[in-house]
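Structure assessment
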Amino acid sequence: MIGAASRDPAEAPEDRRFLSTEEAAALERELLEDYRFGRQQLVELCGHASAVAVTKVFPLPALSRKQKTVLVVCGPEQNGAVGLVCARHLRVFEYEPTIFYPTRSLDPLHQDLTTQCEKMDIPFLSYLPTEVQLINDAYGLVVDAVLGPGVEPREVGGPCTRALATLKLLSIPLVSLDIPSGWDAETGEDSEDGLRPDVLVSLGAPKRCAGRFSGRHHFVAGRFVPDDVRRKFALRLPGYTGTDCVAAL
Amino acid sequence: MSRLWSLFGFGLLVAGSRLPRVRSQASACRVSPTWWGPQRLSSGGRGDPEVMASAQVKLLSQEEAQAVDEELFKEYQFSVDQLMELAGLSCATAIAKAYPPTSLSRSPPTVLVICGPGNNGGDGLVCARHLKLFGYQPTIYYPKRPNKPLFTALVTQCEKMDIPFLGEMPPEPQLIDELYELVVDAIFGFSFKGDVREPFRNILSVLSGLTVPIASIDIPSGAGFKEVGIGALPCFEDGMWRRETLEGSSQTCSSP
């Protein structure tokens, strides 16, 4: 019993590194239903880990005042909730986040996460300038938490779609949470508003479209997938080191 | 490495990994009710700059800690689940920093997590789950379980991750010393008041005889309680862990 942490030799080799959209949904369902994780727990772990990923690529001591300012663009679905958590942890990590969250979800989780950010004096923009240079000048980097896998751009409304169009033109670094918003989660084909992020932070496990990611850094963030679940989905995740909640691919 | 840390009212008290193990001392416990007050760190003799630096961090009284919690829940709309997850994760991180797997003998290192009947126990359940993910082999003893979805869900998460739950407390400290390299005390937290009832009275008594290190979540369980009388959990004084009162001693804490 004790000490037998090594791989079972009878185990089939896992070389799958990506999940399809259905598999990602099934994995989440398993965690929520069989493991009785709460959605709030998983969103918190993902958001916290996303913030940690940002600190790995853009470590605070190396940043100027302007570079510490982060614009976090949140959609109305789960990806946006993760963005709200990420913004809060960035604040705790002493970055200066600002949130653009134009289409607000009514569900209690989103509302509570919004309150937490507001109470921590994280400003919420009432509109996003369309002049790209204004954003380039005001912020050091942008976090895209608009669309997650399986959410169509048309579902999230005009303001989000317009925001994505603006983000596509930015010259400051872009960090996308889970999938680059606007990409097809399966094929990685970008729609008209598809982004080209510098950093992709896959939540839990990479989605298929990550195969087409060609930016600078790709992380898996959110260290909560139990071994049994990982094996069940025949998933090979990068090794996390020590107590890290992010791992570079 | 070691500095006092208090985030949103949660803290962790651990022995630094470079400290020697303590031989069990059978001295009676003089627990002071003033432990909860702002701590005056003993000056002189303790040259460790990190211990001295901890003088700048404020320690919370029980009332203050409760007030912080209340503000977080009422004003900030944090949920218990959220904060418990962050607390447990941070504790596991701190423990892993203080006792990295490479510093312990077994592979994976074995840890006994003792969870009390309230939120401190919940923190322990979360902590155990993250320790498992970090490569430890935790076992949980959770004798009194609140019948609330928050706690039953946390138990399910641990069970599904093959973390065993003991049916009874090992009756002798030596048994624990033999099987586990580290014990996590998640029995009582800062809101603890009143008598220590069984089975926790017995549990604290067994723990007071341990030689393996104990990491206490938030406060050493039983501290500040006059009537335990049986050796409260270890405190750090003069560079060594002692089984005596915490009054007037400095604490070494790990940050997450």
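Remember, it's a predicted structure, so these values are computed and weren't measured experimentally.

Calculation rules
- Residues numbered from 1 in each chain as written.
- Chains lettered and ligands numbered in written order.
- Predicted model: local features only at pLDDT ≥ 70, side-chain atom pairs only at ≥ 80, totals over all residues.
- Heavy atoms only, no water.
- Helix = DSSP H or I, 4+ residues; strand = E, 2+ residues; numbered from the N terminus.
- Buried < 20%, exposed > 50% of the residue type's maximum accessible area, 1.4 Å probe, protein only.
- Contact = heavy atoms within 4.5 Å.
- Areas by Shrake-Rupley, 256 points an atom, 1.4 Å probe, with all protein chains shown as cover.
- Salt bridge = Lys/Arg side-chain N within 4 Å of Asp/Glu carboxyl O.
- 1 Å grid on protein atoms, 1.4 Å probe; cavity = no way out; pocket = protein on both sides within 12 Å on 5 of 7 lines; lining within 4 Å.
- Points joined across faces, edges and corners; volume = space filled by probe spheres on them.
- Nonpolar A, V, L, I, M, F, W, Y, C, P; charged D, E, K, R; others polar.
- Axes fitted to C-alpha atoms, helices over the stretch in contact; angles between N-to-C directions.
- Parallel < 35°, antiparallel > 145°, perpendicular 65-115°, else oblique.
- Left-handed = near helix turned anticlockwise from the far one by under 90°.
- Pairing = 2+ DSSP bridges.
- Phe/Tyr/Trp six-rings, centres within 6.5 Å; stacked < 30°, edge-to-face > 60°.
- Lys NZ or Arg CZ within 6 Å of the ring centre and 35° of its normal.
- pLDDT = per-residue confidence, 0-100.

Glancing now at the overall build of chain B. On a plain count of helices and strands, chain B comes out with seven helices and eight strands. Taking all 256 residues of chain B together, 57% fall into the buried category. For chain B, restricting intrachain contacts to residue pairs at least 6 apart in sequence, the fraction spanning at least 24 positions comes to 81%. Of the accessible surface of chain B, which amounts to about 10,600 Å², a share of 51% is contributed by carbon and sulfur atoms.

Quick look at the environment of Arg197(B) now. Locating Arg197(B) in the fold gives a position in the loop between β5 (182-186) and α7 (200-207). Along the primary structure Arg197(B) and Val57(B) are separated by 140 residues, whereas in three dimensions their C-alpha atoms are 33 Å apart.

Taken as a whole, this structure holds 14 salt bridges over all chains when the rule is applied. A salt bridge links Lys207(A) to Asp178(A), with the shortest nitrogen-to-oxygen separation between them at 2.7 Å. In this pair, Lys207(A) sits in the loop between β6 (199-203) and β7 (217-221) while Asp178(A) sits in the loop between β5 (174-177) and β6, placing the two residues 29 residues apart along the sequence. The class of Lys207(A) is buried, set by a relative accessible area of 6%. Note that Lys74(B) and Glu70(B) form a salt bridge whose closest N and O atoms lie 3.4 Å from each other. Pair noted here: Lys74(B) and Glu70(B) are both in helix α2 (residues 62-74), with a separation of four residues, about one helical turn.

What follows concerns empty space enclosed by the protein. All chains considered together, the criterion is met by four cavities of 30 Å³ or more. Approximately 60 Å³ is the volume found for the second largest cavity. As for the second largest cavity, its lining consists of Leu45(A), His48(A), Ala49(A), Gly222(A), Arg223(A), Thr243(A), Asp244(A), Cys245(A), Leu89(B), His130(B) and Phe134(B). At three residues, the largest contribution of residues to the lining of the second largest cavity is made by helix α2 (residues 39-57) of chain A. Classifying every residue of the lining of the second largest cavity gives five nonpolar, four polar and two charged.

Once that is clear, we can look at the packing of α2(A) against helix α3 (residues 78-92) of chain A. Residues and elements named next belong to chain A. The contact between α2 and α3 brings their axes to 7 Å, and the two run at 55°. By the criterion of interaxial angle, the relationship of α2 to α3 is oblique. For the pair α2 and α3, the crossing hand works out as right-handed. The residues of α3 that touch α2, namely those facing Arg39, Val43, Glu44, Cys46, Gly47, His48, Ser50, Ala51 and Val54, are Gln78, Ala81, Val82, Val85, Cys86, Arg88, His89 and Leu90. Taken together, the residues that form the contact of α2 with α3 break down as nine nonpolar, five polar and three charged.

Here the focus is the sheet that holds strand β2 (residues 96-100) of chain A. Residue and element names in this part refer to chain A. Across the sheet, eight strands lie side by side as β3-β2-β1-β4-β5-β6-β7-β8; this open sheet has mixed pairing. The open sheet terminates on both sides in strands that have one partner only, identified here as β3 (124-125) and β8 (246-248). Examined bridge by bridge, strand β4 (residues 141-145) and β5 share three bridges and lie parallel to one another. Paired with Val143 across the bridge in β5 is Val175. Running over the sheet, α3 touches β1 (69-74), β2, β3, β4, β5 and β6 and is turned about 160° from β1.

Another point: unusual backbone geometry. Residues and elements named next belong to chain B. Residue Pro108 follows Ser107 across a cis peptide bond; omega there is 0°. If you trace the backbone, Pro108 turns up in the loop between α3 (80-98) and β3 (110-115). Of note, the phi angle at Gln77 is positive, near 60°, even though the residue is not glycine. Tracing the backbone through its elements, the reader meets Gln77 in the loop between α2 and α3. Overall, the relative accessible area of 31% leaves Gln77 in the partly exposed class. Backbone geometry at Asp218 places phi at a positive 70°, although glycine is not the residue there.

For the structure shown, the criterion picks out four aromatic pairs over all chains. Ring centres of Tyr76(B) and Phe78(B) lie 6.3 Å apart, and the angle between their planes is 15°; this geometry places the pair in the stacked category. With respect to burial, Tyr76(B) and Phe78(B) carry one shared label: buried. When the centroid spacing of 5.5 Å and the interplanar angle of 65° are considered together, the rings of Phe188(B) and Phe200(B) count as edge-to-face. Of this pair, Phe188(B) sits in the loop between β5 and α7 while Phe200(B) sits in helix α7, and the two are twelve residues apart along the sequence. Put simply, the rings of Phe188(B), Phe192(B) and Phe200(B) pair up and form one aromatic cluster. Residue placement shows Lys119(A) over the ring face of Tyr76(B); its charged tip is 5.4 Å from the ring centre.

A word on the confidence of the model for chain B. Residues and elements named next belong to chain B. Predicted confidence across chain B gives a mean pLDDT of 75, with 65% of residues reaching 70 or more. Counted against residues more than four places away or in other chains, residues 1-53, with its pLDDT under 50, gives 136 contacts. For this predicted complex, the interface confidence reaches an ipTM of 0.88, while the overall pTM sits at 0.81.

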